[in-house]
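Observations on the model geometry
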Amino acid sequence: MAISNDKDFKSALASLSTAQQRQVAARFVQRVFPLSNDARIKSALDAAGRADIADAELALASQAANTARVESFTRCGRETDWNAQAGHFVAKAAVACVKPAEAGDNLAWDAAMQARMARTCQTVAEGSGTDNREAEEQYRILDAFLNS
Amino acid sequence: MSASLEKGIRVLKEVIDAPIASYFNSCVHCGLCAEACLFYTETGDPKYTPIHKLEPLRRVYEQEYTLLGRLKKMVGLSKPVTDGELDQWQELVYNSCTLCGRCSAVCPVGNDIVYMVRKFREGMSASGHAPEGIKGAVNRTVTIGSPMGVKLPAVKAQMKHVEEDYGLPIPLDAEGAEYMVMLSSMEIINFPEYLGAIAKIMHQAGKSWTLCSTAFEATNAGMQIGNSDLAGLLVARIVEGAEKLKVKTVISPECGHAYTALRWEGANLIGRPFSFEVKHIIEVLGEFQQQGLLKTEGFETDKLTFHDPCQLARRGGVIQQQRSLMNQVAKNFVEMPDAGYMNWCCGGGGGASAIEEGEPLRLEAFKKKKAQLDAVKPDRLVTACANCRIVLEEGLEHYQMDIPVIGLTEMIAEHIPQKGA
């Protein structure tokens, strides 16, 4: 049965192995990647999407993505550029894809939430309201992943 | 003399009150304030000695309010304060002062140097010598209502996102709620998880709370630039919102100077007492803990340390609560040297992080924090200020120190059992 709500979505993600979580998380973030276009994030997503990734490669990707995240913070008192902020949340989502995992972590859920935040920032920037279909697209991606 | 300089000097004359006069007269030139300032200790440059940062103000005091100074001025023996000089002092009064209060804490004669710097900023601001970064924040505060240009639709978008992520409602304009929760721009923009943590904690504690659509922003740019009128206006906006919603307590967010502006100076800024209490979120969590309303499960087992935000610990006196909270969820909590009341600033408070050209100096000053961290080598760093958090992350990144930074409120919320949420 197709996933159609966050409860089932979160639960399905939690049941995946860490490697699978990274792979599906990378697909969520790929959708919002154009809001950033940072090469370090692309590398992180490529790394997360590979089933045969070595820990050392993952650590390097994680470090680079984290640098992109820190560099893209909106500093206190600066004017908010919501497009740039969308890029920050893309970086944050990418970090979730490649960060070292601990027991109980739901990396894919974290990545999904940050990707949604990136999309929300884009809609704030456009001034077109904040409704978007990112959640539904993520359900569709997960369905496809589970059925592949 | 330009019109702006004339205005600035007039303001400087006005802000020199009895405490400032006595502070200038009491200074024994011991230099202890220099050793307390991270901009001096990390650069070794004597121009960063806190009391020296006030030299133009001291000269105005001497020339206007002392007999000898007036005589010297009359016969042309004293140097008038000029635009060029104030321009030069901008770096000393804004970029290299975070209003952290360490200098005031060590002064053997009790001079509150931070108080003096803030008064000096009033004149600097009036004469047009505030940094562009802070001026921009002030302009946005006046025109949009938020120093970072955050409007209500963006807050509502974040509320919606957090409701999805945490599965809990975020109340807005709920009249009669016990707590009105304020947010800093930084939390709205960078750390939506803070709001989620609040929702989780309040839900478990069984407390009613709300955001206010006309007063969600806690940040006070008026205080940072040195404009008491604006600072008062921003406090009045919060007071109006809190009184309209009839809340009992307003919670200041994880933002240092917002807490000082509202909690310690707010009533004086608007000229009347509040009809509600003001507490920092850490104080509220401390109360919940004492009342048994904060039930957590599990522990962080890696080595954690805590960075005390200056306005919370030193200026606000909130020191034990955060330690008690840390110990509730952390097995291996270690203290940095000088932690607590005498903790060293992150280097970005008091508006300094909004000054782009001040970044190289901030990173130089960060060596003090690096030394504190090197002494205990933590796995992660916890703090309770959104601005500290970003400044710390920037510094750690610059010095290639792999130490994740997390907010205390969020860490506590992560230990609240799901069934309670």
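The structure displayed is predicted, hence computed values, not measured ones. Within each chain, residue numbers correspond to sequence positions counted from 1 in written order. All chains are assigned letters beginning at A, and all ligands numbers beginning at 1, according to the order in which they are written. The predicted origin of the model limits local features to residues at a pLDDT of at least 70 and limits the giving and counting of side-chain atom pairs to 80 or more, whereas totals for whole chains, interfaces and linings rest on all residues.

**Things to note about the domain arrangement of chain B**
A common way to express how large an interface is: the accessible area buried when the components associate. Residue and element names in this part refer to chain B. Structurally, chain B comprises domain 1 (3-130), domain 2 (152-288) and domain 3 (294-420). A C-alpha centroid distance of 21 Å is found between domain 2 and domain 3. We call two residues in contact when the distance between their C-beta atoms, placed using the backbone, is within 7 Å. Each partner contributes to the interface: domain 2 provides 30 residues, whereas domain 3 provides 29 residues. Each helix is a run of DSSP H or I of at least 4 residues and each strand a run of E of at least 2, with the numbering of both proceeding from the N terminus. Elements with a contribution of two residues or more to the side of domain 2 that touches domain 3: α12 (185-189), α13 (192-205), α14 (221-225), α16 (256-264) and α18 (281-290). A total of eight residues in the side of domain 2 that touches domain 3 trace back to one element, the largest contributor, which is α13. When residues are sorted by character, Ala, Val, Leu, Ile, Met, Phe, Trp, Tyr, Cys and Pro go into the nonpolar class, Asp, Glu, Lys and Arg into the charged class, and all the rest, Gly among them, into the polar class. Residue composition of the side of domain 2 that touches domain 3, by class: 15 nonpolar, nine polar and six charged. Domain delimitation in this document rests on an assignment produced automatically or drawn from a domain database.

**With respect to the interface of chain B and chain A**
Of the residues lining the interface, 28 residues belong to chain B; the matching set on chain A comes to 18 residues. Put simply, the parts of the chain that give the side of chain B that touches chain A at least two residues each are α10 (132-143), α11 (152-166), α12 and α23 (386-398) of chain B. In terms of residue count, α11(B) provides more of the side of chain B that touches chain A than any other element does, seven residues in total. Split into classes, the residues belonging to the side of chain B that touches chain A amount to 13 nonpolar, eight polar and seven charged.

**Topic: the sheet that holds strand β8 (residues 405-407) of chain B**
All names here are of chain B. Taken in spatial order, the four strands make up an open sheet running β6-β5-β7-β8, and their pairing is parallel. Every other strand in the sheet has two partners, leaving β6 (330-334) and β8 as the edge strands with one partner each. Strand-to-strand twist in this sheet, taken as the mean axis angle between neighbours without regard to direction, amounts to 40°. Where strand β5 (residues 300-307) lies against strand β7 (residues 380-383), four bridges are found, and the strand directions are parallel. Within β7, the position partnered with Phe306 by the bridge is Val382. Fitting a line to C-alpha atoms yields each axis, with helices limited to the stretch in contact; the angle taken between N-to-C directions then spans 0 to 180 degrees. Across the sheet, helix α20 (residues 320-329) lies against β5, β6 and β7, angled at about 140° from β6, the strand it touches most. Two strands make a pair as long as DSSP finds a minimum of two bridges between them.

**Quick look at the packing of helix α6 (residues 107-126) of chain A against helix α7 (residues 134-147) of chain A**
Residues and elements named next belong to chain A. Direction vectors running N to C along α6 and α7 enclose 145°, while the axes themselves pass 10 Å from each other. For α6 against α7, the interelement crossing comes out right-handed. Counting all contacts with α6, which are made through Ala112, Ala115, Arg116 and Arg119, the residues of α7 involved are Glu134, Ala135 and Gln138. Among the residues forming the contact of α6 with α7, the class breakdown is three nonpolar, one polar and three charged. Crossing handedness is defined as follows: a turn of the near helix away from the far one that is anticlockwise and smaller than a right angle gives a left-handed crossing, while the clockwise case is right-handed.

**So, the sheet that holds strand β2 (residues 209-210) of chain B**
Residues and elements named next belong to chain B. One open sheet accounts for four strands, arranged β2-β1-β3-β4; its pairing is parallel. Each having just a single partner strand, β2 and β4 (277-280) make up the two edges of the open sheet. Two elements, strand β1 (residues 179-181) and β2, share two bridges in a ladder whose sense is parallel. Paired with Met180 across the strands is Thr210, a residue of β2. This element, α18, spans β3 (249-252) and β4 of the sheet and lies at about 90° to β4.

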